[in-house]
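Inside the fold
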Amino acid sequence: MIRSQAALKMANNNHNYKTVYAFAREMHPKTEKFDVQYGTAGFRAKASTLGYVMYRMGLLAVLRARYKKGCIGVMITASHNPEPDNGVKLIDPCGEMLEQSWEKWATKFANVGDDQLEEVINEIVTQLNIEMTQRVEILVGKDTRPSSPSLAKALCDGILALSGKPIDYGIVTTPQLHYFVYCRNSRHEYGLPTEEGYYRKLCNAFKKLRGQKFDVGNYSNEVFYDGANGVGAKKIKYFQECLGDSLKIGMYNDELIGTGKLNYMCGADYVKTTQSFPHGVPQEINQRCCSVDGDADRLMYYYLDEDKKCHLLDGDRIAILIAEYLKEVVESTGLEVDLGLVQTAYANGASTKYITKKLKVPVSFACTGVKYLHHQALKFEIGVYFEANGHGTVIFKKEFKEKLRSALKDSSSDEVKSAIEKLLVVIDLVNETVGDAISDMLLVETILHSKGWSVQDWEGAYTDLPNRLMKVSVKDRAKIQTTDAERRCVKPDGLQDAIDAIVDKYNAGRSFVRPSGTEDLVRVYAEASTREEADQLALEIALKVYEMAGGIGPEPTL
Ligand SMILES: CC(=O)N[C@H]1[C@@H](OP(=O)(O)O)O[C@H](CO)[C@@H](O)[C@@H]1O
Ligand SMILES: [Mg+2]
């Protein structure tokens, strides 16, 4: 057993990583034979299999921090997945997801044998010329899963093994940790890297925008909030305390009250995938409700109508509401701005049509996964991006913020000045580092309040095309390859032609298939003018995938 951290440090400085191997062998040996892949959202698996992966991600985080000469974050969470799962993802210095070119290192680190660890460390250090004597800080956060503390311990052992300094933020939401990383690296320019600093920044901005009149027009100052029995339920309490009467939040699915399990029959993913009202939230007709997921980076709005039908206002609607509002606020400043929206193929066709034809805001498409959307959104001065499942945010270019500040100084019009001031406060309300369910919720509430809208007014802008998501199990999902932001399939040969021929038979039909980045299956999406047609189209396509792409297990059914 290795006991001395000083001995480890000395070994690191001498480029001798044998101790890392011994540490691994003794405490976090590789237990699984199968390979894992750093996917859309890092590594995810059954928590019991992840100890060694965490240890190795601790090692990699230190290397990444030294390479980037900044602090790095590591979040332990499996988001909306069931409680026995867990996962890990790395956060880069500006609070963004780990750069794609390093994903292959992450995969390699996770999969080599214990006795090859030393070699892989030497390989990356030499190839990227990493200076190994720097003392670097790694910020660690975790969700509420019971497995998270022991996995965090394994992660910290990895960080310490290479003489990094772990800073444990305890239980935090994923977007909070992204925010802390950026605050620290921006030397507090973006905010204070503490929970207190985060709540203050967002709540102050919210209260400023809200003013003293809380109910306006059709807008009523109360929202029901489903915390998915996770970290989002814990953290919303601080907000409620800080917000006081400016927003009444009915808090439900709070595991502390002891009624439910994480993500079980509740939370944003449950609401979106089942298109139904979550358990544990009172069924009040026409009440505006929202759900977050297990690490509070996704947001879904909904309400029940008089017939108890659940109406969803998903990521597409949230994106549109935000883009339209920002467009209006920017117009009132008199400044020219390049505002754009980024969607994925899962965005409802009706939403894309509304944005381009009615709002006249350009839309670009990115592959599934926030890292792709974020990257694409950086091209605009104001880039709004959302996945239909409710994960997204707004990014404001640094130069645009500077433009605003200098226009504020130079303008002689009070009207323009107050419009710019308002926009600067809106920017403070947004967590630009990554999709943040609670910050997004506060922004949606701000917009509805400013328009005097009920949730039904918001829904009235356009009508979603009925849609259906299906899953197909195949022998090897890598056999399916796509192009054009995953909207067209290039492999296996002939599959796209077959899809086109089926889609042609349906009114307003659209469908695409792609291999999931987080689960071992192929996803099928279909939309059409009626519910029956959307269901039927999805089924026909799923059967075609099953037939042409090596389906396994029972044939897909509705
Ligand atoms: C259709 C769908 O919802 N896909 C999700 C899901 O990715 P897949 O690659 O489809 O498994 O998990 C991702 C990570 O949470 C999320 O970004 C994405 O939107
Ligand atoms: Mg999540």
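About the cut-offs
Residues numbered from 1 in each chain as written. Chains lettered and ligands numbered in written order. Predicted model: local features only at pLDDT ≥ 70, side-chain atom pairs only at ≥ 80, totals over all residues. Heavy atoms only, no water. Helix = DSSP H or I, 4+ residues; strand = E, 2+ residues; numbered from the N terminus. Rg over C-alpha atoms; globule rule 2.2 N^0.38 Å. Buried < 20%, exposed > 50% of the residue type's maximum accessible area, 1.4 Å probe, protein only. Areas by Shrake-Rupley, 256 points an atom, 1.4 Å probe, with all protein chains shown as cover. Lys, Arg positive; Asp, Glu negative; His and termini not counted. Charge placed at Lys NZ, Arg CZ, Asp CG, Glu CD. Expected span 1.5 Å × (residues − 1). Contact = heavy atoms within 4.5 Å. Phe/Tyr/Trp six-rings, centres within 6.5 Å; stacked < 30°, edge-to-face > 60°. Donors = N, O, S within 2.8 Å, 3.2 Å for Na, K, Ca; no water. Core = buried A, V, L, I, M, F, W, Y, C linked by side-chain atoms within 4.5 Å. UniProt positions renumbered as here; feature names shortened; annotations may be inferred.

Right, let's get into the overall build of the protein chain. Scanning the protein chain from N- to C-terminus turns up 19 helices and 19 strands. Expected size for 558 residues packed as a compact globule is a radius of gyration near 24 Å; at 24 Å, the protein chain falls within 12% of this value. The C-alpha extent of the protein chain, read off along each of the three principal axes, is 65 × 65 × 45 Å. Within the protein chain, the proportion of its 558 residues that are buried is 60%. When the accessible area of the protein chain is evaluated, it comes to approximately 22,600 Å², of which 50% is carbon and sulfur surface. Charged side chains in the protein chain number 70 positive and 76 negative. The centres of these two groups are separated by 4 Å.

Turning next to helix H8 (residues 195-210). Along its 16 residues, H8 runs 22 Å from first to last C-alpha, staying within 8% of the 22 Å computed at 1.5 Å per residue. Turning to H8, its buried residues number three or more, namely Gly197, Tyr198, Tyr199, Lys201, Leu202, Cys203, Ala205, Phe206, Leu209 and Arg210. Close packing links the buried residues of H8 with helix H7 (174-185), helix H9 (231-243), helix H15 (414-429) and helix H16 (437-451). Following H8 by one or two positions, glycine 211 has its phi on the positive side, about 70°.

What follows concerns the packing of aromatic side chains. If you walk through the whole model with that rule in mind, you get 18 aromatic pairs. Measuring from centroid to centroid gives 5.8 Å for tyrosine 179 and tyrosine 190, while their planes differ by 55°, and the two rings are tilted. Of this pair, tyrosine 179 sits in helix H7 while tyrosine 190 sits in the loop between H7 and H8, and the two are 11 residues apart along the sequence. Of the two residues, tyrosine 179 and tyrosine 190, neither departs from the other in class, the shared state being buried.

Turning our eyes to something else, we now look at the coordination of the magnesium ion (ligand 2). Those protein atoms acting as donors to the magnesium ion (ligand 2) are Ser79 (OG), Asp293 (OD), Asp295 (OD) and Asp297 (OD), and they sit at 2.1 to 2.2 Å. Read in sequence order, the donor residues for the magnesium ion (ligand 2) give the motif S-x213-D-x1-D-x1-D. Taken together, the positions of serine 79 in the loop between strand E2 (72-76) and strand E3 (85-91) and aspartate 297 in the loop between strand E8 (289-292) and strand E9 (299-304) put the pair 218 residues apart, joining distant regions of the chain. Taking relative accessible area as the criterion, serine 79 reaches 4% and is therefore assigned buried. According to the relative accessible area criterion, aspartate 297 is buried, its value standing at 3%.

Now for the nonpolar core. Counting residues in hydrophobic clusters, the biggest one holds 81 residues, and the most contacted among them are Phe239, Tyr301, Leu326, Val384 and Met441. At 10 residues, helix H11 (residues 315-333) tops the list of elements feeding residues into this core. One finds Leu50, Ala61, Ile76 and Ala154 within the second-largest nonpolar core, a separate group that totals 50 residues.

Mapped onto this structure's residue numbering, the UniProt feature "domain: Alpha-D-phosphohexomutase C-terminal" (unreviewed entry) falls at residues 469-543. Split by type, residues 469-543 is 29% helix and 31% strand. Its first and last C-alpha atoms lie 13 Å apart.

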